[in-house]
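# Coordinates in review
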Amino acid sequence: MKKTLAAVAVLGAFAGSAMAANVELYGSVSTGLVFSHTDSVTLDGKKASSKNSATMESAWAGDSVFGLTGEEELGNGWKVGFALENEFESDTGAMAGADDNKLFDSMSYLWVGNDTVKFAAGNLGGALSSAGGDFDLVGDFDPLEAAYGNGGMGLFATKDAAFDNAVAVELTPVDGLTVSLQASLEDGSNEAVWSRRTHYYGVGAKYENGPLALTAVYEHVRPAHGETYTTSSETDTADEYKNMNFYTVGASWDFEVVKPSFVYQHADKISLASFADGALFGDLAEGYNYIRDDEVAEADLTGKTDSFLLGASAPLGDGTLGVSAQYMQAKFENGAKFDDNTKGNAYVFGIAYSYELSKRTNLYAAGVYSHGSKAFKNVDTLNGYQIGFGLNHTF
């Protein structure tokens, strides 16, 4: 009993100090049940039968996070603030970044700014076209809000891209216009010299005027040089990794009864094995020699992709309906092959409905269908469907 009272006293003291410092605790919990079907695929000449599974999923729709934000007035319209956020698995209680020994793996940054300019530094939660984080310029154009597995921007190379040790400048020169610049100083690698570290640079703008919204983003990634990697036959260095470029544009128009949207992205000289955080190859990205017969390292599976998304959202009853159709085509460089093909295509169709039970709680139901052809015809993550429903709650 004494321990309980002491704990309550400590929490009360923390709450009082938090209010004095203008600190806010927030979060969301998302849990659902998902049925997944994977089509029959053939790997290394061996045919695998189709698979069905039913699982409990955390953050299949929405986020499971908790965080702290705070700010202080500096005078003359200037403020200083911070954001600390952690992802967790609502189905198990595990921290999402526990293996990396990170507490605030989702976001952790300081900022200084006023109504016109904002400077930020740290882990910003995502790149400019990642559909995540506080500085993203693209996610609002996805009617499925980058959720529901492949359904939300699953065929876009920069989905979920994030870099540590980043800095950003956000400008709002006129109402409705946001201009953002972002760069990563080292991507967390303090051991390598500057020239061998991974570097990210991005510049973009978003314009909103009444029902119209537009965005355009250019990003450049210079992968780390000199790091070693291992294949089934040899160990080598990754000096042949090439600089990657990403060009993304989006547009939407809100008719009130329906809001259509469009997003296009061209990615050049990218690593297909790490496309959208492994979305293309999933479990195949490790331990399976899928490049070509002479066992060239995974670094050689580079190429260019063109991704398209056409979708719409609309209010329906006490909720929102979203639909999305995606198409992606990829072409590998230097004669590299996957499943005896130098090109690959994929399609993803998604539909989701979110019903608002209250201001903080909503029910959702969704379905996603994926299909790959040519180089992607035997990729399990791109051939099948998912159906899920669940509950999201924010606090």
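Scope of this entry: the structure provided in the associated data block. It should be emphasised that the depicted structure is a prediction, and the values quoted were computed from it without experimental measurement.

Right, let's get into the pattern of salt bridges. Across all of its chains, the model carries 4 salt bridges by this definition. In this structure, D140 and K206 form a salt bridge, with 2.6 Å as the shortest nitrogen-oxygen distance. Linking D140 in the loop between β8 (117-123) and β9 (166-171) with K206 in strand β11 (residues 199-209), this pair joins segments that are 66 residues apart in sequence. Residues D268 and K269 are paired through a salt bridge, measuring 3.4 Å at the closest nitrogen-oxygen approach. Within this structure, E71, E73 and K79 form a network of salt bridges that share partners.

Before going further, it helps to examine the packing of aromatic side chains. Counted according to the given criterion, the structure contains 13 aromatic pairs. Aromatic pair Y109 and F135: ring centres 5.6 Å apart, planes at 65°, arrangement edge-to-face. A residue pair is termed long-range when its members are at least 10 positions apart, and Y109 in strand β7 (residues 107-113) and F135 in the loop between β8 and β9 qualify at 26 residues. F135 carries the same exposure label as Y109, and that label is buried. Three or more aromatic residues joined by ring pairs form one cluster here, namely Y264, F308, Y327 and Y347.

It is worth spelling out the pairing of strand β5 (residues 65-75) at this point. Where strand β1 (residues 23-38) and β5 come together, 6 bridges link them in antiparallel fashion. Among the inter-strand pairings, L25 is bridged to a residue of β5, identified as L68. Looking at chain direction, β5 and strand β6 (residues 78-87) are connected through 10 bridges and run antiparallel. By the bridge assignment for β6, F66 is matched with N86. Hairpin connection, β5 to β6: the antiparallel pair is bridged by 2 residues, and N76 has positive phi, about 55°.

Here 6 bridges tie β7 to β8, and the two strands are oriented antiparallel to one another. Among the inter-strand pairings, G113 is bridged to a residue of β8, identified as K118. Turn length for the β7-β8 hairpin, with the two strands adjacent in sequence and antiparallel, is 3 residues. Across 6 bridges, β8 lies against β9 in antiparallel orientation. Bridging from a neighbouring strand, F119 pairs with V169 of β9.

On the surface, F35, Y347, F349, Y369, Y385 and I387 cluster together into a nonpolar patch covering about 550 Å² of accessible area. Only β19 (343-356) and β21 (384-394) provide two or more residues apiece to the nonpolar patch. Structurally, Y385 is set in strand β21.

On to the nonpolar core. One finds Y109, Y148, I270 and F376 to be the most contacted residues of the largest nonpolar core, which totals 55 residues. Look past the residues within four positions of Y148 in its chain and what remains in contact with it is W60, A61, A352, Y364, A366 and V368.

Take the side chain of S307 next. By the element assignment, S307 lies in strand β17 (residues 302-316). Here S307 falls in the buried class, since its relative accessible area comes to 0%. Within the local environment of S307, its side chain forms a polar contact with the backbone oxygen of L155, the two atoms lying 2.5 Å apart. The contacts of S307, once residues within four sequence positions are left out, are L155, F156, V263, Y264, Q265, F275, Y327 and M328.

Turning next to the environment of F338. Within the secondary structure, F338 is located in the loop between β18 (319-332) and β19. Residue F338 is classed as buried on the basis of its relative accessible area of 3%. Residues F338 and V379, spaced 41 residues apart in sequence, show a C-alpha to C-alpha distance of 9.9 Å.

How each quantity is defined
Residues numbered from 1 in each chain as written. Predicted model: local features only at pLDDT ≥ 70, side-chain atom pairs only at ≥ 80, totals over all residues. Heavy atoms only, no water. Salt bridge = Lys/Arg side-chain N within 4 Å of Asp/Glu carboxyl O. Helix = DSSP H or I, 4+ residues; strand = E, 2+ residues; numbered from the N terminus. Phe/Tyr/Trp six-rings, centres within 6.5 Å; stacked < 30°, edge-to-face > 60°. Buried < 20%, exposed > 50% of the residue type's maximum accessible area, 1.4 Å probe, protein only. Pairing = 2+ DSSP bridges. Patch = residues over 30% accessible without salt bridge, like charges linked within 9 Å, V, L, I, M, F, W, Y side chains within 5 Å. Areas by Shrake-Rupley, 256 points an atom, 1.4 Å probe, with all protein chains shown as cover. Core = buried A, V, L, I, M, F, W, Y, C linked by side-chain atoms within 4.5 Å. Contact = heavy atoms within 4.5 Å. Polar contact = N/O pair within 3.5 Å; in protein donor to acceptor, adjacent residues only side chain to side chain.

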